[in-house]
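Listed here are the chains, written in short residue letters.
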Amino acid sequence: MLSKITSFALDGLDGVPVEVETDINKGMVSYDLVGLPDAAVKESKERVRSAIKNSGFVFPVNKITVNLAPADLKKAGSHYDLPLAVSILVASDQLAATDFVLLGELALDGALRPVKGMLPLLISARDRGCKKFIIPADNASEAGYISGVTVYALPSLKAVTELISGVKEFEPVVLKRYIAKRAYGSDMSLVRGQRVAKRALEIAVAGGHNILLAGSPGSGKTMLARCVPTIMPDMTFEEALEVTKIHSVAGEVGGDGIVAQRPFRTPHHTASTVSLCGGGSGHVSPGEISKAHKGVLYLDELPEYSRATLEALRQPLEDRVITVTRAAGAVAFPADFILCASMNPCPCGNYGSAYLECTCTPSQIQRYRSRVSGPLLDRIDLQVEVDGVKYDELSSDGAEECSAAVKERVERAREIQRKRCGSVNALMDERQIKRYCRLSAECEAILKTAFESLRLSARARSRIIKVARTVADLGGCENIAPEHILEAVSYRAMDTK
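Not measured: the values here are computed from a predicted model.

*Asks:* Requested: an account of the pairing of strand β4 (residues 63-69), with residues and values cited.
*Replies:* Relative to β4, strand β2 (residues 14-25) is paired through seven bridges, and the arrangement is antiparallel. Bridged to Val-20 within β4 is Leu-68. In terms of strand pairing, strand β3 (residues 30-34) meets β4 through five bridges, oriented parallel. Of the residues in β4, the one forming a bridge with Tyr-31 is Ile-64.

*Asks:* So what about unusual backbone geometry? Which residues, and what values?
*Replies:* In this structure, Pro-70 follows Ala-69 across a cis peptide bond, with omega equal to 5°. For Pro-70, the position within the fold is in the loop between β4 and α3 (81-91). Positive phi, normally seen in glycine, also occurs at Lys-294, with a value near 65°. Its place among the elements puts Lys-294 in the loop between α11 (288-291) and β14 (296-299). The backbone of Glu-301 sits at a positive phi, close to 55°, despite the residue not being glycine.

*Asks:* Quick one: what's the story with the packing of aromatic side chains, residue by residue and with numbers?
*Replies:* Overall, the coordinates contain four aromatic pairs when judged by the stated rule. Taken together, a centroid distance of 5.9 Å and an interplanar angle of 45° make the contact between Tyr-31 and Phe-59 tilted. With Tyr-31 in strand β3 and Phe-59 in the loop between α2 (44-54) and β4, this pair connects stretches of sequence that are 28 residues apart. Phe-59 sits in the buried class, given a relative accessible area of 7%. A ring pair is formed by Tyr-178 and Phe-237, whose centres lie 5.5 Å apart and whose planes are at 50°; its orientation type is tilted. In this pair, Tyr-178 sits in the loop between α6 (157-165) and α7 (195-207) while Phe-237 sits in helix α9 (residues 237-249), placing the two residues 59 residues apart along the sequence. On the basis of relative accessible area, Tyr-178 is assigned to the buried category, the value being 16%. Between the NZ or CZ atom of Lys-45 and the centre of the ring of Tyr-31, over which it lies, the distance is 5.7 Å.

What counts as what
- Residues numbered from 1 in each chain as written.
- Predicted model: local features only at pLDDT ≥ 70, side-chain atom pairs only at ≥ 80, totals over all residues.
- Heavy atoms only, no water.
- Pairing = 2+ DSSP bridges.
- Helix = DSSP H or I, 4+ residues; strand = E, 2+ residues; numbered from the N terminus.
- Phe/Tyr/Trp six-rings, centres within 6.5 Å; stacked < 30°, edge-to-face > 60°.
- Buried < 20%, exposed > 50% of the residue type's maximum accessible area, 1.4 Å probe, protein only.
- Lys NZ or Arg CZ within 6 Å of the ring centre and 35° of its normal.

By themselves, these figures tell us nothing about what the structure is for.
Spelled out as structure tokens, the structure:
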């Protein structure tokens, strides 16, 4: 007898329908699984066999052939266990046919275990017209944010058969209400002094610009960087779903089932290029670049990262998407993040400090700084020098401005940008720059002087104009004024060295 059960395969962040076809006939006892299964799918044979027996059913002693169609698509993951088991039960007349989409891993005793990538699988299946799903109980939290579908989160294969046969009724997953979270441990009010750096962070977040903080050890670079997500607008539900899809594929979704606050990713400087960009053998997983989507990617001690790892940032910083290419094909992951990096100005860390003396030679400083290439620095809009703080500033009882107040100004500036061009200023192309960033003769003269004296590239010129546009938006100005261009140029600290 032949049976067909619908499941889905994960291709990047998209789900592809997979038909689990099972044929049971007389002949030599065997269990053949075809359709490009990976090792995890091949090993499902023994899990499915034990789960069927331990759930009170009979595993057929016949010739069993299972095909995962389409046959030319690589099948990876353990979520095929449940559709395989149900397909065998239907083909052996132990269970009625069903139109549920089935996803889940089986334990040997028949219990259902959670699987990665549940959210993108369910969203893709819904978009393709599927309405009824059966998933593991531990994946219920993710399913609670998907409207327009009926999802049953069940604990075991036995419960699945009871639902399909109508022996027992179960309640579907209840739709949840999304609430954005702001549980950050940092706040701008905790940072003493550093007025210039705080202003630069505000501009960076308001316009979606990348920022580099260069300063001596202990000057507060890391503390400032951790304040970046605290002044970013709350994530909308659509943004939260985008971010959660990525983290779901990586298996990093918490008990709430959704990522409700801006990600802040801080990979160590020993991180490999694959861990940063994504990849892996077989199933391609997102890297730190994609996990920082709609949030912040913080690279501390930037020159300590390998040259290959840093150069891999160049394409996603431009395109806001990263394409991971492997022998099996190419997968595109979103990578719309703010890059916040920090570094010492020299090996000893004191070059340019007003309080400490540098002990490095010019050649040592040059060698250290050359670890960060010019093309990468070109893609960082704001480069700010952060010096140490005086003791009187640290011990002062004066109140510093809190993140909530800065966040209000950021939201007002972003609203201006949304009405103007539909996105933040950092994403404007050359056509939009010409249209929305018209410069007066005085502004052009200032920019020309900076361009020639600092030997800037055409890309750096465009980024200065976009930063100036953000400065004007924060000030509520319709046009870019000379003081906005001057402030934008002042944030090119690395170009002046």
